[in-house]
Amino acid sequence: MKILKINTQNQIYTNTNIPTKTVSAPKAEQNSELLLTQLNNLAVVNHIAFTGQNNGYEIGLSGRELLKRTKPERFGHINLLSADAPEYQRLAAGDKKALAHLVHAANLIGEINMKLDDENNIPFRTYLESEIKKGNLRAELTYELFKGQKGAFSQDMEFNHISLIKGMKQSLGKGVYPRDLSVEEFHNILERMIYDGEIEAVKKMLTQRSVVVRDGDKLKGIDYIDYYKKEFTQVAHHLEQAAKHSTNEDFNEFLRYQAEALKTADPLLDAYADKKWATLQDTPLEFTITRENYDDKMTETIFDNEKLLKLLQKNGIQPIAKDFIGGRVGIVNKEGTDFITSSKDLLPKLAELMPYRNEYTQTINKDNKQTMVDVDLVTVTGNVGEHRGKITLAENLPNIDKLSLTIGGGRRNVYHRQMRVNKDNLFEPYKKLLVPEQLAKLSPNSYHYFTIFHENAHSLGPNKGHEKLGKYRNIIEENKADIAAIAFTDKLTELGVYSEFEREALLINFVLQNYLKAKPDAHVAHRVRQVMQAKYFEDNDVVRLTKDGKIFVDVEKVVPTAQKMLKEIIRIQIDGDYKAAGEYVDRNFVWTPKMEYIAKELRKNSKMLNAKVNTPLADALSNN
Ligand SMILES: [Zn+2]
């Protein structure tokens, strides 16, 4: 639950001003017409020549669309560490060896998540690879997009749904429920199984760590570890090998715990691994199996069925959305880490400022078990590395639904250095939009500071009852983290964390970031809360448009408005009131004319639609 994803619109940008939908191709695109014709011809030839050998797959996007989406101004590249990076060269020989095993492990995790995401991903990739060998350029361009979004299905940065497979859509249950299972059938089966007394079987289905399959006219949940036994055993092997070579004994102990948790399906083993992992502060290397449950929309449908939900709860079953997993490998950056850890001591002070703080236990435990590291990334695979309109900038794990937090485990926050590149370009999309005197104040550090306190804010607030908020849980938790980070700005300035100049920059930047390039659908937790925040700040007269159509932020209103909003959020989290949460989200998830106007201007200033993470060092290590 603890990730902050930002739109790459803010990272990589372009100056070009070609409207997205053109009737006649502009000059720059005319040269590609010839290539396009060739592409289409090739595709036709391939299609005819190889019909019957394509597993039934056809490429979903036209040659024109593929060319458009893979152009540099629309397709961003995020480059992770290269093979000659000093960060890598400086490592001890043993750590270098360990790193290679960790990259292999992360790659395998990526493969598993590819299957959790959709059963068609890997067969379709195989199809693309065979087409590329035959010289199919459409397949080659499709593969670029596939590598970026790490799967066949995605949304782009303007929230268009992308399917790289012709005639196919991502199903609600992704790869963790049967593709042909409808919501109605799902709910009926659950109900029937409960009336038949199969409580344990239903429990297994509705945990965060199972794949649900058909079992006659019923359903059956199989723990990830058992379902992907072969793959997880290979991951465990690489972790054990890495533990033999790495120079840090704490890190090795974690790797051994993690390997055990991948060999036997037992949440408690995960908890031991998570608990050890969360203590890692001074290790040369970073390795994480990330687990996040934002993306399972099937389990969440249960929260809309009050009768079923009550029936489940009466039988002691709390449905939890399923985890999607990722592999993160990196090298801890000392300097960046020192900067970030200086924020840690402030957490208890900030906890004092939380609204209604006497009504609940803060998520941070008394001894403030929170580690945080800044990491130079070697690779990010699976869920943590996919660019689907956004990419993970930092992650605070484990999430609140995990057992380790109940056995005395803390949290660990990992910041992704390479995701913060091109900071100088951060504000380009707003250049023509913001009043010049405020534009001049924006500082490249604003986003990083905000991210740090967003992540910290996840460790504040009520520490239980979140699951009662069902499908609104993630939206509200992310909303809390954003708004708390801003509500504390004045206190942090008083404590000397921000200068007055930085304070203003941070507040202006925050207000701007809530304006999106297009209206998101209600399923994207991270984007929904941005619309909600834009609406709330609009209602409180924080944002005004000048006569010539520029944005003016009333800076002094930002913090009081955030404080007001934070109170509403914390009230909902304390009460665990699903209905109140729904009303709160509906009230604020409103796309206003002002948002539409700003979205249009942002689209003019930034053409970026998709992006891809490049991993040269990891590629070199995995080929050895
Ligand atoms: Zn977050």
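Nothing here was measured: the structure is a model prediction, and the numbers come from that model.

Draft legend 1. Molecular detail of the overall build of the chain. Check the secondary structure of the chain and you find 26 helices and 14 strands. With 624 residues in all, the chain has 50% of them scored as buried. Put simply, 79% of the contacts in the chain that link residues at least 6 apart link residues at least 24 apart.

Draft legend 2. Main features of the pairing of strand S6 (residues 218-223). Bridge count for strand S5 (residues 210-215) against S6 is six bridges, and the pairing is antiparallel. Directly across from Ser-210, in S6, lies its bridge partner Asp-223. From the end of S5 to the start of S6, which pair antiparallel, there are two residues, and Gly-216 there has a positive phi angle of about 65 degrees.

Draft legend 3. Quick peek at the environment of Gly-327. Looking at where Gly-327 falls in the secondary structure, it is placed in strand S8 (residues 324-332). Residue Gly-327 is classed as buried on the basis of its C-beta count, with 28 C-beta atoms lying within 10 Å. With residues up to four places along the chain from it excluded, the contact list for Gly-327 reads Ala-105, Ala-106, Ile-109, Gly-110, Ile-289, Thr-381 and Gly-382.

Draft legend 4. A look at the packing of helix H19 (residues 473-487) against helix H22 (residues 525-539). Running from N to C, H19 and H22 cross one another at 55 degrees; their axes reach a closest spacing of 8 Å. Judged by the inter-axis angle, H19 sits oblique to H22. For the element pair H19 and H22, the recorded crossing hand is right-handed. Every residue of H22 that contacts H19 at Asn-474, Ile-475, Glu-478, Asn-479, Asp-482 and Ile-483 is listed here: Ala-525, His-526, Val-528, Arg-529, Met-532 and Gln-533. Of the residues that constitute the contact of H19 with H22, the class distribution is five nonpolar, four polar and three charged.

Draft legend 5. Expanded view of the pairing of S8. Among the nine residues in S8, nine count as buried, and that is most of the element. With eight bridges joining them, strand S7 (residues 285-292) and S8 adopt antiparallel strand pairing. In the strand pairing of S8, Thr-290 is matched with Gly-326. Pairing between S8 and strand S9 (residues 370-382): seven bridges, direction antiparallel. Bridge pairing in S9 places Gly-326 opposite Gly-382.

Draft legend 6. Representation of unusual backbone geometry in the model. A cis amide bond, omega -10 degrees, links Leu-397 with the succeeding residue Pro-398. Among the structural elements, Pro-398 can be located in the loop between strand S10 (391-397) and strand S11 (411-416).

Draft legend 7. The nonpolar core, seen in detail. Ranked by size, the top nonpolar core spans 140 residues in total, and within it Leu-99, Leu-102, Val-103, Val-378, Ala-484 and Val-511 carry the most contacts. The element best represented in this core is helix H4 (residues 93-117), accounting for eleven residues. Not counting the four nearest positions on each side in its chain, Ala-484 is found in contact with Ala-457, Leu-460 and Leu-566. Counting 13 residues, the second largest nonpolar core, distinct from the first, contains Tyr-57, Tyr-127, Phe-146 and Leu-164.

Draft legend 8. Highlighting the packing of helix H18 (residues 445-457) against helix H21 (residues 500-513). The N-to-C vectors of H18 and H21 enclose an angle of 80 degrees; their axes lie 9 Å apart at closest approach. The angle between H18 and H21 falls in the class roughly perpendicular. Contacts from Asn-445, Ser-446, Tyr-447, Tyr-449 and Phe-450 of H18 reach H21 at Glu-502, Ala-505, Leu-506, Asn-509 and Phe-510. Looking at side-chain class alone, the contact of H18 with H21 contains six nonpolar, three polar and one charged residues.

Draft legend 9. Layout of the environment of Lys-600. Along the chain, Lys-600 turns up in helix H25 (residues 593-605). Given 11 C-beta atoms within a 10 Å radius, Lys-600 is considered exposed.

Draft legend 10. Representation of the environment of Tyr-143 in the model. In this fold, Tyr-143 is placed in helix H6 (residues 137-149). The class for Tyr-143 is partly exposed, based on 18 C-beta atoms found within 10 Å. Sequence separation between Tyr-143 and Leu-164 is 21 residues, and the spatial gap between their C-alpha atoms is 9.0 Å. Apart from the residues within four sequence positions on either side, Tyr-143 is in contact with Leu-128 and Ile-132.

Draft legend 11. View of the confidence of the model for the chain. Scored by pLDDT, the chain has a mean of 88; 89% of the residues are at 70 or more. Taken together, the stretch residues 1-30 has pLDDT below 50 and engages in 67 contacts with residues farther than four places along the chain or on a different chain. Predicted confidence is poor over residues 44-53, with pLDDT under 50, and the contacts of this stretch with residues over four places away or in other chains come to three contacts.

Thresholds applied
- Residues numbered from 1 in each chain as written.
- Predicted model: local features only at pLDDT ≥ 70, side-chain atom pairs only at ≥ 80, totals over all residues.
- Helix = DSSP H or I, 4+ residues; strand = E, 2+ residues; numbered from the N terminus.
- Buried ≥ 20, exposed ≤ 12 C-beta atoms within 10 Å, placed from the backbone.
- Contact = placed C-beta atoms within 7 Å.
- Pairing = 2+ DSSP bridges.
- Axes fitted to C-alpha atoms, helices over the stretch in contact; angles between N-to-C directions.
- Parallel < 35°, antiparallel > 145°, perpendicular 65-115°, else oblique.
- Left-handed = near helix turned anticlockwise from the far one by under 90°.
- Nonpolar A, V, L, I, M, F, W, Y, C, P; charged D, E, K, R; others polar.
- Core = buried A, V, L, I, M, F, W, Y, C linked by C-beta atoms within 7 Å.
- pLDDT = per-residue confidence, 0-100.

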